[in-house]
Amino acid sequence: MKAVDKSVDPCKDFFQYACGSWVKVNPIPPQYPRWSRFNELQDRNDDILRQILEDSARNQNRSAIDQEIGAFYQSCMDETGIEKTGYTSIKPGLEKIRSLKDKAALAEEVARLHNEGISVFFRFGAGPDPDKSTVNLANISQGGIGLPDRSYYLQPKDEAMRAKYVAHISRMLQLIGEAPADADGQAKAILELETTLAKASLDRVAIRDPKNTHHKMTVAQLEALTPDFNFKQYFAVRGTPAFENLNVAEPDFFKSLNAALQAASLHDLQSYMAWHYVSANAALLPKAFVAENFDFYSRTLTGAQELQPRWKRCTERVDERLGEALGQKYVEKAFGRQAKEKTQQLVGLIEKQMAVDIDSLTWMSGATKEQALAKLKGVTNKIGYPEKWRDYSSVTVKEGDLVGDDQRAREYEIKRNLGKVGKAVDRSEFNMTPPTVNAYYNPLQNNINFPAGILQPPFYTNTADMAVNFGGVGAVIGHELTHGFDDQGRNFDADGNLRDWWTKEDTDEFKKRADCLAEEYSGFSPVEGANVNGRLTLGENGADNAGIRLAYMALLGGLENGSVNREKLDGYTPQQRFFLGFAQIWCSNERPESARNRVRTDPHSPGQFRVIGTLRNQPEFAQAFGCSVGQAMVAAQGCRVW
Ligand SMILES: [Zn+2]
């Protein structure tokens, strides 16, 4: 109730109505690009993680996990030691790059960098084969740029940003000993090389269509695209299990990569790799590196004013690198069986509603419906944390060696991933760590995943009014389920294979309905001079659009069977409380720099429009708050896909 601003007309702007008072009393802390309910929750989780880590650091002898996460955290917290070591820990890596004799030695060096998780030129790893999703396939794809999106390299309006990027690269190179004039020249050459890679890359909207990135080839065919790069040697150094075919996500990129490798001098290629090497390690190095890295990647690109306190950066680092060791302790401490059972039950309810919803669609043929229902039936639900935990016992964690600890943890993860090539897919794995405040759908595995971190207030509160819970976690469950049927997910079948199960007419109808959403959201502007990209955010907006409908149907069921309180509470009907519960997940404030960056990179719409866009398309919302056609919160022609 404290978040609501009753001076606002709910039919004019429901985000302001539901969140106005929250927005006023929650200015963005200087360390953050934006501040939202998600951040509030993540902060609470981080406090728990900090306690766990401090305790493990003090009691490293207690268990293998305490040693791993405790020593890593301790390495990271040792600011004095880090200052004293300087950048000596990355010097051997830099020297290797600088000692390359000719371009023929490049493949071996790129492989070494990739084994350490340094993203240069392209990416390579294992993932489910879209044609046979039970088996992992080697996959190679575009990469190698340091700005957040290819468009930053290409648009005239970003010239000032590019100048700042070049200045940043130059300063980083100076920190590893380059003379200022040399560093400036190298930085310009690096921008030029990255611009070539950016030009050759597919944009984020094109990548949303899985058919655009599906090209199975032999290694010989890949080598024909990039003859100047010795892929055989590259795969050997990477230690990849033998394979015959791999997926080349963007063949044209690899053609252009060859031209880029020819055009650049060996010295420029070395500078480029050195820059990425230092940049990837910057946050682990002395203050001068940390500050320079923050200045560009946070202050300039997101508007954040201050570094996060060290304990928070270190907590997040351990979560990132040894997430399933830390996560085990988090789950023991903070995740009850009750929350898991309750969520399981809610998921069951929402899935039932989705079947009813699919059945009731007037625009879809019986043949496609049958396939859609089979897909829904095939969805597996994963809740809280993985059945079996990742074992980090082979990772040496040495207190006082942060760069080494981080590198060994990265190498472990990369090796684990590469080792999967040709092997069966393990669908029980989680791609998010347990304390993460988020959830996801995996189209190649047809499963929804809810880490323990999100199963808490404001998404789900055990003691709260169920109408609010349906609007919160209910809508999130509906959202994740719908991802299986959005513009991306609909291309995969119940088994996670890339297979078209739609009739031509139904595909046309789907696209027409999706166009409605794309156009609507493209009209939203979170910050002057920048609009939401309705095509980039189509999947998320569609998932919101249907997710809330499914949760609403579950609410009606609950009202009928008496599991939801039918009385008015705090002056609101259960339907009104449901929509308030939904809207208040998205209460947020965001800096203009962050908003400008995110409309280009983030497939999610800004929180404000997740509320406005979603609810103005729901006749049930208008009904609940007595809004009528012509008011801002009522779309003239409501968009609806599912
Ligand atoms: Zn989503």
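Residues numbered from 1 in each chain as written. Predicted model: local features only at pLDDT ≥ 70, side-chain atom pairs only at ≥ 80, totals over all residues. Heavy atoms only, no water.

Draft legend 1. Quick peek at the pattern of salt bridges. Counted according to the given criterion, the structure contains 44 salt bridges. The salt bridge partner of Glu429 is Lys420, with a shortest N-O separation of 2.9 Å. Each member of the salt-bridge network shares a partner with another, and the members are Glu324, Arg390, Glu413, Arg416, Lys420 and Glu429. (Salt bridge = Lys/Arg side-chain N within 4 Å of Asp/Glu carboxyl O.)

Draft legend 2. Local environment of the environment of Pro10. Within the secondary structure layout, Pro10 lies in the segment before helix H1 (14–25). Sequence spacing of Pro10 and Ser588 is 578 residues, and the spatial spacing of their C-alpha atoms is 17 Å. The contacts of Pro10, once residues within four sequence positions are left out, are Tyr17, Phe621, Phe625 and Met633. (Helix = DSSP H or I, 4+ residues; strand = E, 2+ residues; numbered from the N terminus. Contact = heavy atoms within 4.5 Å.)

Draft legend 3. Fine view of the nonpolar core. Ranked by size, the top nonpolar core spans 183 residues in total, and within it Phe14, Phe121, Phe122 and Trp642 carry the most contacts. No other element matches helix H23 (residues 538–561), which puts ten residues into this core. (Core = buried A, V, L, I, M, F, W, Y, C linked by side-chain atoms within 4.5 Å. Buried < 20%, exposed > 50% of the residue type's maximum accessible area, 1.4 Å probe, protein only.)

Draft legend 4. Highlighting the sheet that holds strand E8 (residues 447–451). On the basis of which strands lie adjacent, the open sheet formed by three strands has the order E6-E8-E7 and mixed pairing. Either end of the sheet is taken by a strand with one partner, and the two such strands are strand E6 (380–384) and strand E7 (440–442). The mean inter-strand angle of the sheet, taken between neighbouring strand axes irrespective of direction, is 20°. As defined by bridge partners, E6 adjoins E8 across five bridges and the pair is classed as parallel. Across the sheet, Thr380 pairs through a bridge with Asn447, a residue of E8. (Pairing = 2+ DSSP bridges. Axes fitted to C-alpha atoms, helices over the stretch in contact; angles between N-to-C directions.)

Draft legend 5. Focus on the side chain of Glu116. Within the element layout of this structure, Glu116 appears in the loop between helix H6 (106–115) and strand E2 (122–129). Despite its burial, Glu116 pairs with no opposite charge, the nearest such side chain being Arg410 at 4.5 Å. Side chain to side chain, Glu116 and Gln407 meet in a polar contact 3.5 Å long. Each residue touching Glu116, except ones within four places of it in the same chain, is listed here: Tyr277, Gln407, Arg410, Glu411 and Ile414. (Lys, Arg positive; Asp, Glu negative; His and termini not counted. Polar contact = N/O pair within 3.5 Å; in protein donor to acceptor, adjacent residues only side chain to side chain.)

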